[in-house]
Every structure is written in C-alpha cells, then in structure tokens.
Amino acid sequence: MFELSSTLLYIAFVLYLAATVFFAVSITGKKFRDRSGNENNKAGLFGYISALLALITAISYFIIRWMATGHAPVSNMFEYTTALGIAMSLAFVILYPIYKSNYLGLFTMPVVMLIIAYASMFPGEAQPLIPALQSNWLFIHVITTAIGQGILAIGFAAGVLYLVRMIDFTKASKKVKGIEFIMFTLLATIAYVAIGMGFEASGYTATFNYVNEFGEEAQMDYHLPPLVGPNEGELASEQGFSPVVNTPEYIRSNDVNTVLWSIIGGLVLYGGLRFGFRKPVAGLLQPLVRNVNPQTVDEISYRAIAIGFPVFTLGGLIFAMIWAQIAWTRFWGWDPKEVWALITFLFYAAYLHLRLSRGWQGEKSAWLCVIGFALIMFNLIFVNLIIAGLHSYA
Amino acid sequence: MNKVTCECGHKNPYGTYLCESCGKPLKDEGKLANMRYEGVARRSQTYQKSIVDKIWNFFSSVKVGIWIIVLLLVTSSLGTLFPQEMYIPPGEDPSLYYAQEYGILGQLYYDLGFHNLYSSWWYMLLIAALGISLVIASLDRFVPLYRALKNQRVTRHTAFMKKQRVYGMKENSEALDIKALSTSLKERKYNVREEDGNLLAEKGRFARWGPYVNHIGLIIFLIGGMLRFFPGMYLDDYVWIREGETEVISGTEGEYFVQNNQFLVELYDEEDNEIFQEALMREGSPVVSNYQTDATLFKRSTEGSIGSETELEKVKDHSIRVNEPLTFEGISLYQVDYRLNELSTFTFGVEIEEDGEVQALEEVVFEVDLNDPQMYYEFDNGYQIEIIEYFPNFNIDESGEPTTLNRVPDNPRIIFELYPPDADPEEDTGEISLIGVQVNEPLNEDHDHTLRMLDVEFVDVTGLTIRRDHTLPIIIAGGIIFMIGLTQGSYWFHRRIWIQQKDGQLYVAGHANKNWHALKRDIEYLREKHDLPETVDQADEEVKEKDQVNEGGRDKNV
C-alpha cells in the first residue's frame, strides 16, 4: 500500500509535467488551425484536464499513504512540502475555471513540480509519530495551513507572471535585478534537486569525524562532495576528499555544503541562460506573456491572497493555537515557528491594507506577493531546519 | 467647518470627495473616482485642531497602522534569531549563555533584552498601539461609510458615472425596459432600486462590514491577552508526583488532589511497526510512542468533621497523555515531564563479625523510605537504629560541610547510629556510619556491626503542568468574531451597478470592492438580454497607454 502511494506521487508528478507542457503549447501554439481554418487550440483544456488528473492522483497518494501509515501524511518535511505542492495545485484547479488563464497554468504548474521535487529530497519513508503529534489536530491544523499557503502561493505565481509581463527589460533596473533574483532562486532549487538526485543515485557518501558543538567527537555524512568540512573534520571514508575550509562547530557543515552546491549549480544554470541568450532570463519569458491582461493577473493574485489569507489564518494561527493549548499547555508560546506564522499573517495583513487603502496595486502588489511566498518558504525550510524549536521534526 | 454644497443641493461635510447624495466628484482627482469609503469625509480629515484630534488623526491613518504592523513584524522576527530565555536549557545563566553560545551577537542580543523580546515594554507598547489603531481607524471609517451606504441615492451625477472603473455609454435610442432589467438583476440576486428611470443594483453590501467585524474580534482577542496579567486570571504551575503518591493541585485551595497510579513511557517497536522500520533504523535511538500518567483525581470530602484526617473522595480516573490532559472545573493537568527510576527505598540489613566469620542478623532488616524516612527503628532482639542525618541529594558545600542540594533523592546519604542490645541510647554512643549508593564509611571506631544495603527500589516520577486560563473564553470569542469578519470581508464582494438615463443618453457604470471579474460577468449577462451600452474597464485603458509607452521605448532602443 505504501509503495502504491509513492507510485501515485510519481504519476502525479508526470501529470503536472504534462499540464505544464500543454499550457506552454496553448500559449505558444496559438496559431494552430484546424481543417476548416478556425483557430482551434485545445491545449489549454488538456492542460487543465492534466492538472485535474494530477491533483486526483496526488490526493490518492495522500489518502493511501494516510491509510498505510495510520496518520495524515503531513508530519515531516517530505510529507508537508509535498502536501503544500498538492495544495497549490488544488488552489489552481479551483481558480482556473474562474479566470481560464493558461498563463497562470504555465506559471503555477512548474512551481508545483518544483515544490514536490524539493520535498523528495527529504527522507520519504514512513515515520512514527512522536506523542505531541498524536492528535486529530495534526491533520486539521496542518492540512488547513497547507491549503492556505497553497492558495497564497498562487498569488506568488500570478505575481511573478505580472512582473514578467510588465517589467521593462530593455533597461537595467532594480526591478530587473529583483525578478532575475527570483529566476536565479528557482534555478538554484532545480540545481539542488538535480545535483542531490544525481549523487544519491550514484550512492555518494563521504564521512567525517569531527568535533560537534558540545565539544564531543561525532560523525557526519556528506551526500555531496565536501566543499566545506565540519569543525576539525577528518575524512573517515574512502569516498570524498578533504575540503580546504572547515566551518565553526555551531554550523551544520553538510547543510552549508549543500547550499553551496545549490548556489553554484544555480549560477551555472542561470549564467548559461543569461549569457547564452544575452538577455535577462525573465526577459526570455516576456514575449510569451505579451497577451496577458495585467489587470486580470493582478486581480488573480489579489483574489488568491484574499481567499488564502483567511484559510491560512484559520489553519496556521487559530487551529494552531487550539492544538497548542491541548498539546503544549498554552495556545501561544513564542516558539519560532509560531512567531513566523504570525509574521506571515502580519505581512499579508499589511499587503491587504496597502492594497485597499493606499492603492498598492499592480506591480507593488506583485512584489509583495513574491515576498509573502518567500516568507512562507522561509518558515517552512529555514525555521524548521535551522532555527531549533518545538516544530523541528524533520 | 464649512459644509460643501453640491450642485444637487446636498450639503456635504468638509473633506468629502464624492457628494454623499448624487456622487458628483467634489475634488478633481484623476480619471477614476476615489471610491474608497464612498468618498466620504472622515473625522480624521475634518477636525485637526485639538490634541485629541491630532491623536485621533494619527491612529486613524492606515499608513500609521501599516507601519505598526511592519514594526511588529520586523521586531518579532528579531526575537527568533536566537532562542528566547524560556527556551534555553534549564539552569543556564542567560547572562553567560548567550555570549557563550552565540558570541558577540549573542551578548548584544542579551544586552538589548531580545532574549525576552515579546514581554519587553516596547513590544507591549507596539501591540497596544496596534489595538488603539484598530479601534480608531475602524470607527473613523465605519460611521461615515455606514451613513453613506445607507443614504446613497439611485440617481447619480453623470460625472460620477464617467469616473467609475467599469463604464459604458450610448445613445438611448428606445426607452429602456427598466422593469425587465430589474428582473434580470434580481435573478442574479441583486437588490434593485429604481428612481425616475434610473436604477441601482447592489449585492453583498454586508461584505463591507467584514473588516470592522474582524477588527472587533482582534480587539477582543488582544483584551483577552491583556487580562492574563491580572491576578487570578492565569495559573501556571508545576507538580512532580511519584508513583503511588498524591499531591494537592495548586489553585484549588486545597480542594483537589491528584494521585499518580502509574507512569509509563512506551517506545515504538520495530517488530510491531513494520512500516516504520526504515525510519526507526535510521533514527538509531528509540522513538517514544507514548508518555502516560494513570491518574486519579480526588476531591476533599465535605462530610468529614473538621480537624479529622482529610478524607478524599474519588472524582475520576484519567490517563494523562500528551494531547490528552486531565481537565476539571477549568483546570487542566498536562503531561510535560518525567523522571524514570528515581531511588525510592533502601532496604538495609546488619552483619556482625564473630570469630572472623561474617553473619547476617536476620531479625534486623528494615526499609528506609527515601522521600519520607522513619528516623528510628527498634527490633525485637534489642537492636536499635537511629538516622542521625539524612541528605537526599548529598553535596559538600563551600565550607566543606555536608549538605543536601534539594529534597530529591538523587544521591542519598544517610548517617546511621546503631545500638546493639547491650547499649543504652541515652548514655552510650553507638556505631555511626555514613551510607549511600556504593558508599559505606564508619564515622567512629570499634564497629562490630556493618550495615549492608540489601535492596534498592525505584519509582517513576511524572511532571505535570497545572494550568487554568480564565482568559480563554474571551480569546475564543475574539478568534471566532475575527474569523467571521475575515470570511465576511473576503468571500463576499460588494458589487453595484448603476444604470442612468439622462438627456437621451444611457449610462452604465459598475463598482466592486473586489472581484471585478464577477462584476464584469454580471454586466455581460445583462448585455446579452438587454440593450445596454458596451462597457470598458477604464483601468485597462491606462495599462494599454503604458504599454504603448513601453513599446515606443523599445523601438527606440532596437
């Protein structure tokens, strides 16, 4: 059963890819004509159907894994990140029929794929629940939060679409730098996944003996070639080599090493595109989205935020507080994850106020959507993995 | 302050953008009318004289509100840079800990008070400012907005129509069938009002109150949070209970007691949980599946006569687990900590050395309860043993004197004085020895007897948090009201369509507070059935102009 759920997730991934391709065709292939000479491009419809099938398959993965492990598959980094990707596609499947924007599909589906691919970099085996997580609030709180964040992520996709459509790439400006940074981040994530999967397939492990932050001897495994080593690290395995630099003891050097690899990989990908085409990377996309109505995209991103914000608040703060009261004796305890959920809430609240009362629409609003999504990802990745707290389960 | 009289004759308060009655723009502000709050005059824009006005104006500004939000956001994030004081390892001295762990930045963090950031006076002040801003900004807008929407007229000024984002106009060739139009609008659940061949269709006005409702919810929530600081509202205590023991529950004025019948820690078993095998293997160390205290709640019996031994009446049994606190009368007991295998009882025997042969005295065997030791033991064969001194957690203090760190028997040492049958405790000095785990030292000379530890018993101890929070009902009410308001404002939209016939022209204009898409579809629907002018989104027009400028710029560069 467990294997079946994993297979379903693979199938869903392929379907998301198919949806991406169909949406791309629906935009670039506008001039296809059928036999009678009418413009007839059904690719958008196919894209939507693929996305819908992908969602159904992904939800099947979710339910079957739930049945197999006995708890909602939202209890660790792999499971939650996957759920977030699925939630984003859910939000898309709901929003598409309203606006019928193939462009939104073209920008959403790759992000969904990227999130799920990123998730797959974490250990995916079934993990038992620690006592604090053994509650029905696990699925109530986490699934609601994931759906809220998934909807907010649509705001990000629409925001990026808006920026690619509206920014003037002929002149070097801060805006161009900003959107290029987004592109670089996406490419670095792709690089991270690709490099990680490549070395994992080759079974690479380098082991170091080192002195940890408590001054004790310990071992640390690297799954990528070590560019930086641990504190007083000494190679203990056949594979690998001794890096030039060792990090101080309070830094988890194998994570830093992975980050370095991702940045380098991202730079290679970005540099290749940037200098291969002699154009800003986002600028390459601009001709594709020439026909996008910016007002519509702006409204989509705003609606995504307006719909997602209450869901996120309900799941990420209200349900979170109810559960915290039951499991941790207090509804609020200034745990880093709690604080960052509050920060995300405050940020989107500021977004809504800026938009409603100070007329921050269009481009400014699109930038805010990007920052909001960055906060969500920060809270997911950085706060879980780097800042120790009650939520560090992965 | 001077009233502004519109050409329709309505007297508007000073500061009005759009005439409250006919909607004619009273201030020229670009192509599109400023429909925020219906263009009403707000108190903050009307009065600017006294100090009260100034404070009111400051806090009524959304700009100020946003600044407060942003400041809260940024400062909150600083507090997660390093752990807050409550999350550093227990027993660490914060003044040293931060510098030790995080270097200069850590020291700075501590010096700036960021280790207790969320209870700092300035953070509290920011939250208070947010609360004040919520109240004032809401009142400043709600009252005039409510009046404007209640008093809005059907017939609007042409200039008002022209300045709406969705707008269309054409020659009115044949008189419009207002009745049929109104029926179509009612099919789409619009409220329709007619006046002199003009029409106002409105839907979802209640969405406009959403923000004010959610602000009320937030205020109630914040007040609830503040009430915690009043005495008696909030109880946060802690109790350690050994298996088999009963402790009083603080905050109940000695009325309730809880007994720990059994404490257990359960681990995931690889054999039984095949699906988790891989994860359990990778983890290396055992993974806990359950912490549980089987507890019984007792209440002091009211029947027992005063002065007699306390009689306890059983209220209920409950297994306290993480996520399953024992709750009664607003007090909850939570499973939060435990200590396994705490020493509980030592059993001692006495050996006597006679003619080079060691013999155990079978009659002299006794147990010492390490948590509440009996100090004197007497045996049938005449032996007497006295505990002179008991150190539950033995330590030598700075002056070299033996002492105990606390009452927890982590390292118990007992000084015994043993009197054989022939000795008289009143006059003679017995055999004095110090005994602990792996320790047995005679403290005086001429010992014929040796005390031997025969057995040790352990007990598990559970750590429970006792919590009562009277602010919860208020917090919950605030949360519910907030969510209702948020839903109301987010999932419903206020849409209005105006249709006007004037001087042989037919005007259509539409406004939505959000979701213009749905408004446009409604207007499309009307146009399919009725002879209405084509409408454009005037905001789109602006983009097109901008695009042309962009394209022009591009051409020049190419």
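Residues numbered from 1 in each chain as written. Chains lettered and ligands numbered in written order. Predicted model: local features only at pLDDT ≥ 70, side-chain atom pairs only at ≥ 80, totals over all residues. Heavy atoms only, no water.

- Labelled according to an unreviewed UniProt entry, chain B appears under the name Cytochrome c biogenesis protein, originating from Alkalicoccus daliensis.

- An unreviewed UniProt entry lists chain A under the name Cytochrome c-type biogenesis protein CcsB, with Alkalicoccus daliensis as the source organism.
- Within the UniProt record for chain A, the comment given under Subcellular location (unreviewed entry) is "Membrane". (UniProt positions renumbered as here; feature names shortened; annotations may be inferred.)

## Some words on the packing of aromatic side chains
And step 1. Counted according to the given criterion, the structure contains 54 aromatic pairs over all chains.
And step 2. Taking 5.3 Å as the distance between ring centres and 85° as the angle between the ring planes, the aromatic pair formed by B:Y118 and B:Y123 counts as edge-to-face. Each member of the pair, B:Y118 as well as B:Y123, is classed as buried.
And step 3. Ring geometry for B:Y256 versus B:F328: centroids 4.7 Å apart, planes at 45°, classification tilted. Taken together, the residues B:Y256 in strand β8 (residues 256-267) and B:F328 in strand β11 (residues 326-328) connect sequence positions 72 residues apart. Accessibility assignment for this pair places B:Y256 and B:F328 in one class, buried.
And step 4. Members of the aromatic cluster, each reached through a chain of ring pairs, are A:W332, A:W334, B:F82, B:Y97, B:Y98, B:Y102, B:Y109, B:Y110, B:F114, B:Y118, B:W122 and B:Y123.
And step 5. Its end group placed over the ring of B:Y525, B:R188 keeps NZ or CZ at 4.2 Å from the ring centre.
And step 6. Looking at B:R228, its charged tip hangs above the ring of B:Y234, at a distance of 3.9 Å from the centre. (Phe/Tyr/Trp six-rings, centres within 6.5 Å; stacked < 30°, edge-to-face > 60°. Buried < 20%, exposed > 50% of the residue type's maximum accessible area, 1.4 Å probe, protein only. Helix = DSSP H or I, 4+ residues; strand = E, 2+ residues; numbered from the N terminus. Lys NZ or Arg CZ within 6 Å of the ring centre and 35° of its normal.)

## Quick notes on the sheet that holds strand β7 (residues 246-248) of chain B
What links the strands of a sheet is backbone hydrogen bonding, and the strands pair in either a parallel or an antiparallel sense.
All names here are of chain B.
And step 1. As summarised here, the arrangement of the 4 strands in space is β7-β8-β9-β10, forming an open sheet in which the pairing is antiparallel. Every other strand in the sheet has two partners, leaving β7 and β10 (312-321) as the edge strands with one partner each. Across the sheet, the mean angle separating the axes of adjacent strands is 25° when strand polarity is ignored.
And step 2. Sheet analysis places β7 next to β8, joined by 3 bridges and oriented antiparallel. By the bridge assignment for β8, V248 is matched with F257. (Pairing = 2+ DSSP bridges. Axes fitted to C-alpha atoms, helices over the stretch in contact; angles between N-to-C directions.)

## Some words on the sheet that holds strand β1 (residues 206-211) of chain A
And step 1. Spatial strand order, β2-β1-β4 (chain A): 3 strands in an open sheet with antiparallel pairing. Of all strands in the sheet, those bounded by a partner on one side alone are β2 (217-222) and β4 (234-235) of chain A.

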